[in-house]
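Residue-level structure breakdown
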Amino acid sequence: MFQQVKVALSGAQILFVAFGALVLVPLLTGLNPAMALLGAGLGTLLFQLCTGRQVPIFLGSSFAFIGPIIYSMQTWGQGATMFGLFFAGFMYFVFAAIVKWRGMALVNKLLPPVVIGPVIMIIGLSVANAASNMAMGRAGGQQVMPYETSLLLAAISLATTITVTIFARGMFKLVPILVGVTVGYIAAAFMGVVDFAKVANAPWFAAPVFHSPEVNWAAALFMLPVAIAPAIEHIGGVMAIGGVTGKDYTKTPGLHRTLAGDGLGVCVAGLIGGPPVTTYAEVTGAVMITRNFNPVVMTWAAIFAIAMAFFGKFNALLQSIPMPVMGGIMVLLFGTIASIGLKTLIEAKVDLMEPRNLVIISVVLTAGIGGLELKFGSFGLVGVGLCSVLALVLNLILPSKSASHDGIVEGQDI
């Protein structure tokens, strides 16, 4: 009995570590935080079902979809966005099939660092403007909160997050977003800009409000290529947790099973109105610190996440967080995502003196930051989706240095 309680408490600790990032995505995109918790819980349980509960992974909201969700919500509405997010899960099944068929060799050929790096950078940079506007208290081009108050709150949440990220030790180092939001929220409460009325009026227990998905193939095709980056991130996450536990999960239960499990979680989360789910580096860090490799811990974390989705007052509290507090966090968060993309290029030693690499990176960055849109009737590609397709196509059609060299040699021989 004591051992079961200990495992359950470890599960609560995992949810605490993942919580800040988990609820941040719906708060930034206009989705329901309760659905994010429900989607993360159900997604994790489905992942465990597909993998035979062998991998200690918890699936939480994916940052890769923030920009695309915002765009889709504004363009097609929530129902169509939900259908698009559901459809994005099928990209994981495609990767799972490729891995099962040809192993990682074909994935690495189709998606080398020169493709993945700039796409990850665009995930962060494409929504940098939204972060700055929220930090300044602006929405829809209007000043919805006093400018000075907004900047002060954003600075407090940003400074707190930076301080925890750099100076904290142990478990606190894993929750900088949660600490930053908490301190920013307390400051906002003292400044009188938090509306507690909705929290007071909310019921203690309330079933999450479901929104019906709406079949929209334009939104579906828009979201599908967005899933390329988080699918690759999943592979890295599985390898990372394997390095911590000393087990090769790419062989047992197999990378094709973990990808399928994550894809199933994405489909379900999107269908109920939550953001797509992915592996969390914070959770891997928590597993490394606690040395608790039992996958049952993640089962308890999922159960607690599902239970929290039904606490009405708690979800009302999340939705009462002032916009500049979230904006301050976003300034760091989106820059960090872009930095990870840059790190991908540096670690792979991508040669920017090679014209082929320079072309791919330049086109992707300009198209992504500039908001280039490709339209075919009612269907359009923009942002991360368009950049993923551009990078993939350019990588396939542009000759490599070795191929160009071979061509010159052959020409001389002739």
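**Description of the confidence of the model for the chain**
Mean pLDDT for the chain: 88, with 96% of residues reaching 70 or above. Contacts from residues 404–414, a stretch scored under 50 in pLDDT, to residues over four places away or in other chains number one contact.

**Focus on unusual backbone geometry**
Following Thr 252, the chain continues into Pro 253 via a peptide bond in cis, with omega recorded as 10°. The phi dihedral of Arg 53 falls on the positive side, at around 50°, and the residue is not glycine. Residue placement: Arg 53 occurs in the loop between α2 (33–51) and β1 (59–61). By relative accessible area, Arg 53 is classed as partly exposed at 40%.

**Points about the environment of Tyr 147**
Position of Tyr 147 relative to the elements: it lies in helix α9 (residues 147–167). The spacing of Tyr 147 and Val 209 is 62 residues in sequence and 33 Å in space, taken between C-alpha atoms. Ignoring sequence-local partners within four residues, the contact set of Tyr 147 consists of Met 136 and Arg 138.

**Some remarks on helix α18 (residues 323–347)**
With 25 residues, α18 extends 36 Å from end C-alpha to end C-alpha; this agrees with the ideal 36 Å at 1.5 Å per step. At Met 330, α18 is deflected by roughly 30°, the largest bend along its length. Following α18 by one or two positions, Lys 349 has its phi on the positive side, about 55°.

**Looking at a nonpolar patch on the surface**
Judged by side-chain polarity, Val 389, Val 393, Leu 396 and Ile 397 come together as a nonpolar surface patch covering roughly 340 Å² of accessible area. Note on placement: Val 393 falls in helix α20 (residues 383–397).

**Overview of the nonpolar core**
By size, the foremost hydrophobic cluster in this structure holds 115 residues, and its most contacted members are Leu 22, Phe 58, Phe 63, Phe 65, Phe 95 and Phe 334. Ranked by residues supplied to this core, first place goes to helix α1 (residues 2–29) with 12 residues. Apart from residues lying up to four places away in sequence, Leu 22 is in contact with Leu 15, Ala 36, Leu 37, Ala 40, Phe 58, Gly 60, Ser 61 and Tyr 280.

Procedures and definitions
Think of each chain on its own: its residues are numbered from 1, step by step along the sequence as written. In keeping with the predicted nature of the model, local features appear solely for residues at pLDDT of at least 70, side-chain atom pairs appear and are counted solely at 80 or more, and the whole-chain, interface and lining totals rest on all residues. Excluding hydrogens and water, the side-chain values take into account all heavy atoms of the structure. Confidence scores per residue from the predictor, reported as pLDDT, run from 0 to 100. Here, residues are in contact when the closest pair of their heavy atoms is within 4.5 Å. Going along the chain from the N terminus, every DSSP run of H or I of four or more residues is numbered as a helix, and every run of E of two or more is numbered as a strand. Working definition: with a 1.4 Å probe on protein chains only, accessible area under 20% of the residue-type maximum means buried, over 50% means exposed, and in between means partly exposed. Every helix has an expected span of 1.5 Å times one less than the residues it contains. We define the bend at any residue as the angle between the axes fitted to the seven residues before and including it, ending there, and the seven starting there. Surface patches are defined over residues having more than 30% relative accessible area and no salt bridge, joining like charges when they lie within 9 Å and nonpolar side chains (Val, Leu, Ile, Met, Phe, Trp, Tyr) when within 5 Å. Where accessible areas are quoted, they stem from the Shrake-Rupley method and a 1.4 Å probe; at the residue level, only the protein chains shown are allowed to cover. Salt bridges are counted wherever a side-chain nitrogen of Lys or Arg sits within 4 Å of a carboxyl oxygen of Asp or Glu. Working definition of a nonpolar core: buried Ala, Val, Leu, Ile, Met, Phe, Trp, Tyr and Cys residues. They are joined through side-chain atoms within 4.5 Å.

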